[in-house]
Every structure is written in C-alpha cells, then in structure tokens.
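The residues making up each chain are set out below.
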Amino acid sequence: MRGREARVAVVVVTRNRRPELLTTLARLRALPERPPVMVVDNASTDGTARAVRERFPEVEVLALQENAGGAGRTAGVERVRAPYVAFADDDSWWEPGSLARAADLFEAHPRLGLIAARILVGPEEREDPVCAAMEASPLPADLELPGPPVLGFLACGAVVRREAYLQAGGFHARMMIGGEEALLAADMAAAGWSLAYVRNLTARHHPSTVRDRSARLRGEVRNALWFAWMRRPVPPAARLTLRAARASLRDAHARAGLLEALRALPWALRERRTLPPHVERGLKTLDRKRDSAL
C-alpha cells in the first residue's frame, strides 16, 4: 500500500538497455517511499517493454513508436498523476528517503519548480562535478529556497513540480539528448518558478557501457547553440557561435554539432523568444563565472 509518498512518481526513459533498466527498476521498487514508476520506452528494439511488463507488472510502460530522446520524459509526466515527478535514466536511481524529502520541500516552498539533487557516480560514489558547481552557484542567494538557486541541472538527478514542468513545456522535442536541460531550466525560471540545488537529496548514476558518446557530444554543441539562438540576446548568442566555430576547427564533434545546429537555424529563429531580464541577468552571471574559469 502506498502512503503519502505517492506524492512523487518516478519517470524513467530508456532505449535498448534492457538489462540495466531491469536492475534500476528493482532498486526503484525497493524504495521505502514506494513511488509509482512509469517507464517510457523510446522505441527500443531489444524487447524492453515486454521484459518490464513480465518482470514488473506493477510498473506502467509507455512504449513510443519513435525515439523521442529526453522529450520522452514529457510523455511520462503527462500520464502520471502525482504532483511531483522524479526523473531517472535506465542507469540511475534514487537513494531511500530522497523522494520523501523532495515532496516535503515542494510543499514548504510553493514557487519551487525544480530540485537538483546531489549525484554520486559509479561504484566509487564519486560526486559529479556539476554538483560542486551548483553548490557554489554565483546567483544571488534566495532565503526562500531550500538551497542555492540554479539555472541548470542534470535530468537524472532532478525532481520537478508537475505543474511547473508542464507549464514550461517540458523537454523540447527537437533536442533529443545532450544538454537539453538548459532550455527547460530557463523556461521554468521565465515562467516564475524557482530552481534550487539541495545536497541532502541523492541520486546514483552508474553510467551505461552502452553509450553513443559521439552523438552526445554533438548534441551538447548543437543544443547549446539552439538555446542561445532561441532565448539569448544577440551578443551572448554571437559569442557562443564564434566559440563553437573556433572549436570546430580542431574538434570533429564540435564541427558536427555546429553543422547540425546551422541546418536548423531558420527553425531556431522562428522559435526565438528572449527571456525576461531577471533570467538573462542570471545567465550572464553564470557566463562570467564560466569565462573566468577558462
């Protein structure tokens, strides 16, 4: 029987990683919160959906006909009914107690739209470097938040308020995988929601050995450019484009990502909607910190 912790559902996206997914689901089903779990299968060809239904009949499976990438999460969020949703990948899961604490924080902070958790990587439990960057966020402190304010996150360590996620449009369908979080973070902030890093929530990530590293690196370059062209003022968008062009001269992944982005430039410009001043100020603050570290 599920108690109050049915306040949080878990949406897992997967594609052709059946063995790892089954291991992840066993860990999620063992959580004391007993959250409802939704698996969104991005058109796997390895029998993933059938295996989950046989092994975990209590887990709902949404089998997509095409690979939606990160946007598959939105299909899952639309189907669940819990007010808060934790994301997991087929190679990541949540520590016991973290989902309960997340729900308590959302209830205590009505404008909190997203919580970015601490992520421990691999059997050695190495903290993902992104966590240190979020904890040292240069954004102005907000005493109304349960942790440092952020304008970015990693999806496998994020819990969202369902209302806020859907209001912001979720992960963009075109961005697939690779830095797709930046656009959503900015759009949530533009809609008036706060995002915070909370260290005492923990997700574990054991990166899959079945990974297309080249596709992810291309996607990170492409999506960073699309985000800049779609949401940033001309000067920072131009600086990022120039930086990507320079990187493309020596890096094949950067070159491929730049070309993919340029092919869709007309679409990106049609999608252009600049951010409110307070969000852009935050992004400029993050730009300055990043540039000073180069």
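Novice: Sorry, what's going on with unusual backbone geometry here?
Specialist: Even without glycine at this site, Asn-16 takes up a positive phi of about 55°. Summarising the element assignment, Asn-16 is placed in the loop between strand 1 (8-14) and helix 1 (18-29).

Novice: I'm lost on the pairing of strand 2 (residues 37-42) in this one. Help?
Specialist: A regular strand places its side chains on the two faces of the sheet in alternate fashion. Counting buried positions along strand 2 gives six out of six residues, so the element sits mostly inside the fold. Covered by surrounding structure in strand 2 are Val-37, Val-39 and Asp-41 together with Met-38, Val-40 and Asn-42, the residues of both alternating faces. Bridge count between strand 1 and strand 2: five bridges; the pairing is parallel. From the neighbouring strand, Val-13 faces strand 2, where its bridge partner is Val-40. Both strand 2 and strand 3 (residues 60-64) contribute to a ladder of five bridges, which runs parallel. The residue of strand 3 that forms the bridge with Val-39 is Val-61.

Novice: Can you walk me through the state of the cysteines in this structure?
Specialist: Two cysteines joined by a covalent bond between their sulfur atoms form a disulfide. One pass over the structure, following the stated rule, counts zero disulfides. Here Cys-131 is not cross-linked by a disulfide; its sulfur's nearest cysteine counterpart is in Cys-156, at 9.0 Å. Taking relative accessible area as the criterion, Cys-156 reaches 8% and is therefore assigned buried.

Novice: Would you mind showing me how to read the packing of aromatic side chains here?
Specialist: Counted by the stated rule, this structure contains six aromatic pairs. Between Trp-226 and Trp-267, the aromatic rings sit 5.0 Å apart at their centres with planes inclined by 70°, giving edge-to-face as the arrangement. You can see Trp-226 sitting in helix 8 (residues 213-231) and its partner Trp-267 sitting in helix 11 (residues 265-270), a full 41 residues away along the chain. In terms of burial, Trp-226 and Trp-267 fall into one category: buried. Among the aromatic residues, those joined into a ring-pair cluster are Phe-87, Phe-153, Tyr-165 and Phe-171.

Novice: I keep staring at the side chain of Thr-202 and nothing clicks. Help me out?
Specialist: For Thr-202, the location among the structural elements is in strand 9 (residues 194-205). Setting aside residues up to four positions removed in sequence, Thr-202 forms contacts with Trp-94, Glu-95, Ser-98, Ala-117, Arg-118 and Leu-120.

Novice: Hey, could you run me through the nonpolar core in this one?
Specialist: Within soluble globular proteins, side chains that are nonpolar generally end up buried alongside one another. Core analysis: the biggest nonpolar cluster contains 57 residues, and Val-11, Phe-87, Leu-114, Phe-153, Leu-195, Trp-226 and Trp-229 have the highest contact counts within it. Those residues within four positions of Phe-87 in sequence are excluded, and the remaining contacts are Val-11, Arg-73, Val-77, Trp-94, Ala-155, Cys-156, Ala-158, Val-160, Tyr-165 and Phe-171. Val-59, Tyr-84, Ala-88 and Ala-103 belong to the second largest nonpolar core, which has 35 residues in total.

Rules behind the numbers
Numbers given for residues are sequential positions, taken from 1 along each chain in its written order. Local features in this predicted model are restricted to residues of pLDDT 70 or higher, and side-chain atom pairs are both shown and tallied only at a pLDDT of 80 or more, whereas totals for entire chains, interfaces and linings draw on every residue. Side-chain metrics in this entry use all non-hydrogen atoms of the structure; hydrogen atoms and water are not considered. Secondary structure elements are taken from DSSP: a helix is a run of H or I of four residues or more, a strand is a run of E of two residues or more, and numbering for both begins at the N terminus. For every residue, the accessible area obtained with a 1.4 Å probe (protein chains only) is divided by the maximum for its type, and the residue is called buried under 20%, exposed over 50%, and partly exposed between those limits. Two strands pair under a simple rule: DSSP has to find at least two bridges between them. In what follows, a disulfide is any cysteine sulfur pair within 2.5 Å. Pairing of aromatic rings covers Phe, Tyr and Trp, the last through its six-membered ring, and needs centres within 6.5 Å; plane angles under 30 degrees mean stacked, over 60 mean edge-to-face, and all others mean tilted. Contacts: residue pairs with any heavy atoms within 4.5 Å of one another. The set of buried Ala, Val, Leu, Ile, Met, Phe, Trp, Tyr and Cys residues whose side-chain atoms join them within 4.5 Å is what this entry labels a nonpolar core.

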